[in-house]
Amino acid sequence: MKSIEEAEREITEEFSCLNDWQDRYEYIIELGKKLSEFPEDKKTDDNKVKGCQSSVWLVTEQKDGKIYFLADSDSAIVKGLVAILIRVLSGRTPDEIIDSKLEFIDKIGLRQHLAQTRANGLAAMIKQIKMYALAYKLKQTC
Amino acid sequence: MLTEIRHKFNVSEIRKDFPILNRIVSGKPLIYLDNAATTQKPECVINVISHYYRNFNSNIHRGVYSISAKASEEFDYARKTVRNFIGAKSESEIIFTRGTTEAINLVAYSYGRTNVSEGDEILISAMEHHANIVPWQVLCEEKKARLKIIPITDKGEIILEEYEKLLNEKVKLVAVCHVSNTLGTVNPVKQMISLAHRQEIPVLVDGAQAVQHMKVDVDDLDADFYCFSSHKVYGPMGIGVLYGKSSCLEFMPPYQTGGDMISSVSFEKTTYNELPMKFEAGTPNVEGAIGLKEALDYVNRIGIENIAGYEKELLEYASYKLSAVEGIKIIGTAAEKTSVISFVVNKLNALDIGLMLDTYGVCVRTGHHCTEPLMKRFQIPGTVRVSISFYNTKEEIDYFADSLNKVIERLRK
């Protein structure tokens, strides 16, 4: 499996080929379509990420000390954004997730373009993912 | 057939008054269609604020020197301009607040906490902005009173018969928007006020989405309270207005306390200042008041009737263009509307449409527009909202409609 840094680099390279935001959004939407099926019965309020204009559901599974994420959204773009996060952070240890800097978000211009507004909830999704990692870590050490 | 837009004024000349409209954003001309959120500012408003800070910035009402006298005079003149703009009887009935939200909170705290008790009711409509819901909800919880909702039709119009049925001796206040920020519906507030007054129930009108689109005369409406925000009527942010009949304001306790709102202070007892100062604790927003005055003067120069006429034509044009978009459904089709159009597109998410429109340089609003209960009423999570101002053009609407079609095509791929 690629390291977080390698996965980030790969995404940065993919985005560097896309010149404008129309193409970038289309690519983000494509990435969202590739996400694995999200179970309908898990689309509950408890699994919703707070702070997003659109609905985002995020659940986790744990295997061999690693955390795997499943997500869905009613917004195609937000679904693509969470797919990117999952590509980088799913299947990692809690420490890897907590320590990740996610600098690629700045490099591909996502932060400037999106994260300042409440609308997309990118920051909220990252926070939620890190909270899950922290919770798992605390559970392990207890 | 749609009539060709008749320019009662020269829109290209008007656009020159608004520097931001010439901006290129991400390589594309800015198409600003989020005017219900905030309006752009004309050069004269921008200049008058700068002029104030460059020439006579000082604290008002206390200074014994000439620039303070000048600042005080301009501040008082701003109040006079507001009074004339909405047809109030006296300047003492004009209270400067931070905006509509603070104006409503002021009434909820001051009027509400002295006049509402257990078992009483407050009436609001199903189309209220959160700012005209939450203050009443909090008040009702505190006082064990009940918040009652005036229902609306599928077109987004208040059902007057239901409203009449809800009026009874337990109702201590009706709080209703003049114009819905989400639907654009113009409510029959004059009639609603008259119905409430028959039972001696006072009415607060949230005019945040009205004063920039139509002539408002609080005396003619006979409103007990009327509020609006400067930034939605081409003035600066951070200042707004609460109009209150002096017969109401006189008997209301202060909302906030401190300097300026007092007559005399000793450690034993404080006596309060006269209206409107009783409700204006602390140093006021002088720059804001001066900016608001300039904005209202600007609107008066253009003529609110001219603005209303031109915006109506743009609304008709935009509604006609949008009705041709495949899969679109307009939310809010009241007979009386301002230039606001909310819509949903079959199977597409409003946020996706908004984010994609931004790549074409088009600014729209998406989501619930701070009217979550209204979204629930229509059983939708949110809408895309375009809100048009008198500096927008038919060409901009064409460009917006073309962009929307392209966005939909891209999202449907």
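Scoring rules and cut-offs
- Every chain's residues receive numbers from 1 upward, in the order its sequence appears when written.
- Each chain takes a letter, starting from A, and each ligand takes a number, starting from 1, following the order in which they are written.
- Where local features are concerned, this predicted model is filtered to residues with pLDDT of at least 70; where side-chain atom pairs are given and counted, the filter is 80 or more; whole-chain, interface and lining totals use all residues.
- Secondary structure elements are taken from DSSP: a helix is a run of H or I of four residues or more, a strand is a run of E of two residues or more, and numbering for both begins at the N terminus.
- With the radius of gyration taken over C-alpha atoms, the globule rule is written as 2.2 Å times the number of residues to the power 0.38.
- Each residue is classed by its C-beta neighbour count within 10 Å, where at least 20 other C-beta atoms makes it buried, 12 or fewer makes it exposed, and intermediate counts make it partly exposed; the C-beta atoms are placed from backbone geometry.
- Note that contacts rest on C-beta atoms placed from the backbone: two residues are in contact if these are within 7 Å.
- Each residue gets one label: Ala, Val, Leu, Ile, Met, Phe, Trp, Tyr, Cys and Pro are nonpolar, Asp, Glu, Lys and Arg are charged, and the others, such as Gly, are polar.
- In this description, strands pair whenever DSSP reports at least two bridges between them.
- Angles here are taken between N-to-C directions and fall from 0 to 180 degrees, while the axes themselves are lines fitted to C-alpha atoms, restricted in helices to the stretch in contact.
- Where each domain starts and ends comes from a domain assignment, either automatic or drawn from a database.
- When the strands point away from the viewer and the path from the first strand over the helix to the second turns clockwise, the crossover is right-handed.

1. Considering the overall build of chain B
Per the secondary structure count, chain B includes 14 helices and 17 strands. At 22 Å, chain B has a C-alpha radius of gyration in line with the 22 Å of a compact globule built from 413 residues. With the principal axes as the frame, chain B shows a C-alpha extent of 75 × 55 × 35 Å. With 413 residues in all, chain B has 48% of them scored as buried. Of all intrachain contacts in chain B linking residues separated by at least 6 positions in sequence, the fraction that spans at least 24 positions is 71%.

2. A look at the interface of chain A and chain B
Contacts between the two partners involve 13 residues from chain A and, on the opposite side, twelve residues from chain B. Among the elements of the structure, helix 2 (21–33) and helix 3 (76–89) of chain A are those that each provide at least two residues to the side of chain A that touches chain B. Here the residues of the side of chain A that touches chain B sort into six nonpolar, four polar and three charged.

3. Quick notes on the sheet that holds strand 14 (residues 340–345) of chain B
All names here are of chain B. If you trace the four strands from one edge of the open sheet to the other, you get 13-14-17-16, paired in antiparallel fashion. The open sheet is flanked by strand 13 (328–331) and strand 16 (365–367), the only strands paired with a single partner. Within the sheet, the average angular offset between the axes of one strand and its neighbour, ignoring direction, is 30°. The sheet strands contacting helix 12 (residues 350–358) are strand 14, strand 16 and strand 17 (383–387), and the helix crosses strand 16 at an angle near 160°.

4. Here we look at the sheet that holds strand 8 (residues 203–206) of chain B
All names here are of chain B. Strand order in the open sheet made by the seven strands is 4-10-9-8-7-5-6, with mixed pairing throughout. Every interior strand has two partners, whereas the edge strands, strand 4 (94–97) and strand 6 (146–150), have only one. If you compare each strand with its neighbour and ignore which way they point, the axes differ by 20° on average. Both strand 5 (residues 121–125) and strand 6 contribute to a ladder of five bridges, which runs parallel. Residue pairing across strands places Glu121 opposite Arg146, the latter belonging to strand 6. Packed on one face of the sheet, helix 5 (residues 134–143) meets strand 5, strand 6 and strand 7 (171–177) and runs near 145° to strand 6.

5. A short note on the domain arrangement of chain B
All names here are of chain B. Considered domain by domain, chain B is made up of domain 1 (11–41 + 303–412) and domain 2 (47–301). The straight-line distance from the C-alpha centre of domain 1 to that of domain 2 is 28 Å. In this complex, domain 1 contributes 28 residues to the contact, which on the side of domain 2 involves 29 residues. If you list the elements that add at least two residues to the side of domain 1 that touches domain 2, you get helix 11 (304–323), strand 14, helix 13 (372–377) and strand 17. Of all the elements, helix 11 adds the most residues to the side of domain 1 that touches domain 2, at five residues.

6. Focus: unusual backbone geometry
Residue and element names in this part refer to chain B. Residue Pro276 is bonded to the preceding Leu275 through a cis peptide linkage, with omega at 0°. Following the sequence through the fold, Pro276 ends up in the loop between strand 12 (270–272) and helix 10 (286–302). Residue Asp260 is not a glycine yet carries a positive backbone phi of 70°. Residue placement: Asp260 occurs in the loop between helix 9 (246–249) and strand 11 (262–265).

7. Focus: the pairing of strand 8 of chain B
All names here are of chain B. In strand 8, alternate side chains face the same way, and those of Val203 and Val205 on one face and Leu204 and Asp206 on the other are all buried. Where strand 7 meets strand 8, four bridges bridge the pair, whose relative direction is parallel. The residue bridging Val176 from the neighbouring strand is Val205, located in strand 8. Where the polypeptide runs from strand 7 across helix 7 (residues 189–197) and back to strand 8, its parallel neighbour, the crossover connection is right-handed. Judged from the three bridges that link them, strand 8 and strand 9 (residues 225–229) form a sheet pairing that is parallel. Among the inter-strand pairings, Leu204 is bridged to a residue of strand 9, identified as Phe225.

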